[in-house]
Amino acid sequence: MDKIGIEGGRRLCGVVEASGAKNAALPILASSILTEGRNVFRSIPKLRDVATIRELLGSLGVRFEETQAGLEVDATDISGWEAPYDLVKTMRASVLVLGPLVARFGRAKVSLPGGCAIGARPIDLHLAGLEKMGAEITLEQGYVLARAGRLKGAEIDLDLPTVTGTENLLMAAGLAQGVTVIRNAAKEPEVVDLAEALIKMGARIQGQGTSVLTVEGVDSLHGATHTVIPDRIETGTLMVAGAITDGDVWIRNARLDHLRAFGEKLSAAGVDLREEAEGGVRVLGRQAVRGVDITTAPFPGFPTDMQAQFMALMSISNGLSVITENVFENRFMHVSELRRMGADVQVVGRNAVVRGVPKLDGAPVMATDLRASASLVLAGLAAKGRTVVDRVYHLDRGYEALELKLSSLGAAIERVQEKKASQAESVQEDMLQKRIF
């Protein structure tokens, strides 16, 4: 396994580019199943999760070609309709092929994704919505089997504003007969981006960015060209990197309107944020930041995917902050690793009480999930001495060459290639990944 080594204490300064959004790219790539013809998708990030969904789509018969115009995706001759466990187990977002497969081919066999390190995220709402649209759903040996003639428009009221559930149903509704109304829909920018891509493919969608989506189904969708929005979580992570090192960092191709709640809390902590006329966001840190309370919530609230990174910043703040996690029930696993670096954090239920300390100390730490790994890298940037972050395969799922971007800003950071693991170690690591993913 690779590790990342960091010599802390360097002030980050310079310009860096935000990559395309992972959580927008994944459903947009899955949406290609709905189309006949060639799609061109731009700003697709080079990430482990993207490689996984490309492998999954490729197993169904989707063809890919990297060109100067972007990633060309052609699902005209798609032949498969099964998403096997071996691929779905590594990434929950693989379930996004369910809606498109049923909508276009009238059937799908998709492995249940199982649990997740940051909490259970069942797909019951996906299945209930598809059933309302006329699909027959059965569960057999860990797989969802869905069958339908042509899906029918329906009134769907989601119990929760699930992002992947909204995306799955939105894609399915695109080819359904009649009008589908999805209430309590997720409003995240990534959902809006998917809707915009579908509209370019010929879908008829209204209400994107609101809690009510109305979709008038069409007989077929065609290929289109679409540029994926910048990744707001990578942007937020780079913003914290600037703040936690008292730096001056300009993140180009970034959209602060996708991070309003986070930006407001960062400003309240005393960090200077500026939207640059040339585009992007500039972060000017302060030697001392103030403790600020946050509560995670669905968009437009404070994103749960920025909770761990913000905790790293609060760990060296002046004062006390209370971080409340309302989205996932098990998303404080990074706390024990931050404590190894000297952070003063106490967890009580869904609340983490963070008392700022004057400094953190470098230490060997272990990542437990994607965003936790980013928080440990950020803490290492601010810490005195050397920090080594293990299990950075988590980081590679959602950040495109983060260590190179931070290095370009002046961080003393490097990826350490580990010697090849023994067979026993490889088996142990494989078992660990199966539990975590």
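Up top is the structure these notes are about.
The following refers to the structure shown.

### Quick word on unusual backbone geometry
Glycine aside, a negative phi is what most residues show, and trans is what most peptide bonds show.
Move 1: In this model, F299 is joined to P300 through a cis peptide bond whose omega is 15°.
Move 2: Notably, Q141 is not glycine yet its phi reads approximately 50°, a positive angle.
Move 3: Among the secondary structure elements, Q141 is positioned in the loop between β9 (136–140) and β10 (143–147).
Move 4: Taking relative accessible area as the criterion, Q141 reaches 82% and is therefore assigned exposed.
Move 5: You will see that R391, though not glycine, has its phi angle at about 60°, which is positive.
Move 6: Inspection of the secondary structure assignment puts R391 in the loop between β25 (386–390) and α13 (393–398).
Move 7: Residue classification places R391 among the buried residues on the basis of a relative accessible area of 17%.

### Looking at the nonpolar core
Move 1: The biggest cluster of nonpolar side chains holds 72 residues, and the ones touching the most others in it are L29, V97, L98, M133 and L198.
Move 2: Ranked by residue count, the leading element in this core is helix α1 (residues 22–31), at six residues.
Move 3: For V97, the contacting residues outside a window of four places in its chain are A30, I33, L56, L57, A83 and V110.
Move 4: In terms of nonpolar packing, the next biggest core, distinct from the first, is built from 65 residues, I244, F332, V377 and A383 among them.

### Section: the sheet that holds strand β16 (residues 225–227)
Move 1: In space, the four strands of this open sheet follow the order β5-β6-β4-β16, with mixed pairing throughout. Of all strands in the sheet, those with a lone pairing partner are β5 (63–67) and β16, marking the two edges. Recorded for the sheet is a direction-independent mean angle of 20° between the axes of neighbouring strands.
Move 2: Relative to β16, strand β4 (residues 38–42) runs parallel, the two being bridged by three bridges. Considered in β16, the bridge of F41 is made with H226.

### As for the pairing of strand β8 (residues 107–111)
Move 1: With two bridges connecting them, strand β7 (residues 82–83) and β8 associate as parallel partners. If you follow E82 over to β8, its bridge partner there is K109.

### Looking at the packing of aromatic side chains
Move 1: Tallied over the entire structure, the rule returns three aromatic pairs.
Move 2: Between F262 and F310, the aromatic rings sit 6.3 Å apart at their centres with planes inclined by 80°, giving edge-to-face as the arrangement. Highlighted residues: F262 in helix α9 (residues 260–268) and F310 in helix α10 (residues 307–314), separated in sequence by 48 residues. No difference in accessibility class separates F262 from F310, as the two residues are buried.
Move 3: Plain terms: the ring middles of F302 and F310 are 5.5 Å apart, the flat faces sit at 75° to each other, and that makes the pair edge-to-face.

### Examining the sheet that holds strand β19 (residues 281–284)
Move 1: One open sheet holds the four strands; their spatial order is β2-β17-β19-β18, and the pairing between them is mixed. The open sheet has two edge strands with one neighbour each: β2 (13–17) and β18 (272–275). Taking the axes of each pair of neighbouring strands and ignoring which way they run, one obtains an average angle of 15° across the sheet.
Move 2: Two strands pair when backbone bridges link them, and β18 and β19 are joined in this way by four bridges, in the antiparallel orientation. By the bridge assignment for β19, D272 is matched with L284.
Move 3: Sitting on the sheet, helix α8 (residues 232–244) touches β2, β17 (248–252), β18 and β19, and the angle it makes with β17 is about 165°.

### Section: the packing of α8 against helix α12 (residues 370–382)
Move 1: At a closest axis distance of 9 Å, the pairing of α8 and α12 adopts a crossing angle of 20°. On the basis of the axis angle, α8 is roughly parallel to α12. Here α8 runs over α12; the crossing is right-handed. Taking contact as the criterion, the partners of I233, T237, V240, A241 and I244 in α8 are, on α12, R371, A374, L378, A379, L381 and A382.
Move 2: Grouping the constituent residues of the contact of α8 with α12 by class yields nine nonpolar, one polar and one charged.

About the thresholds
- Residues numbered from 1 in each chain as written.
- Predicted model: local features only at pLDDT ≥ 70, side-chain atom pairs only at ≥ 80, totals over all residues.
- Heavy atoms only, no water.
- Helix = DSSP H or I, 4+ residues; strand = E, 2+ residues; numbered from the N terminus.
- Buried < 20%, exposed > 50% of the residue type's maximum accessible area, 1.4 Å probe, protein only.
- Core = buried A, V, L, I, M, F, W, Y, C linked by side-chain atoms within 4.5 Å.
- Contact = heavy atoms within 4.5 Å.
- Pairing = 2+ DSSP bridges.
- Axes fitted to C-alpha atoms, helices over the stretch in contact; angles between N-to-C directions.
- Phe/Tyr/Trp six-rings, centres within 6.5 Å; stacked < 30°, edge-to-face > 60°.
- Parallel < 35°, antiparallel > 145°, perpendicular 65-115°, else oblique.
- Left-handed = near helix turned anticlockwise from the far one by under 90°.
- Nonpolar A, V, L, I, M, F, W, Y, C, P; charged D, E, K, R; others polar.

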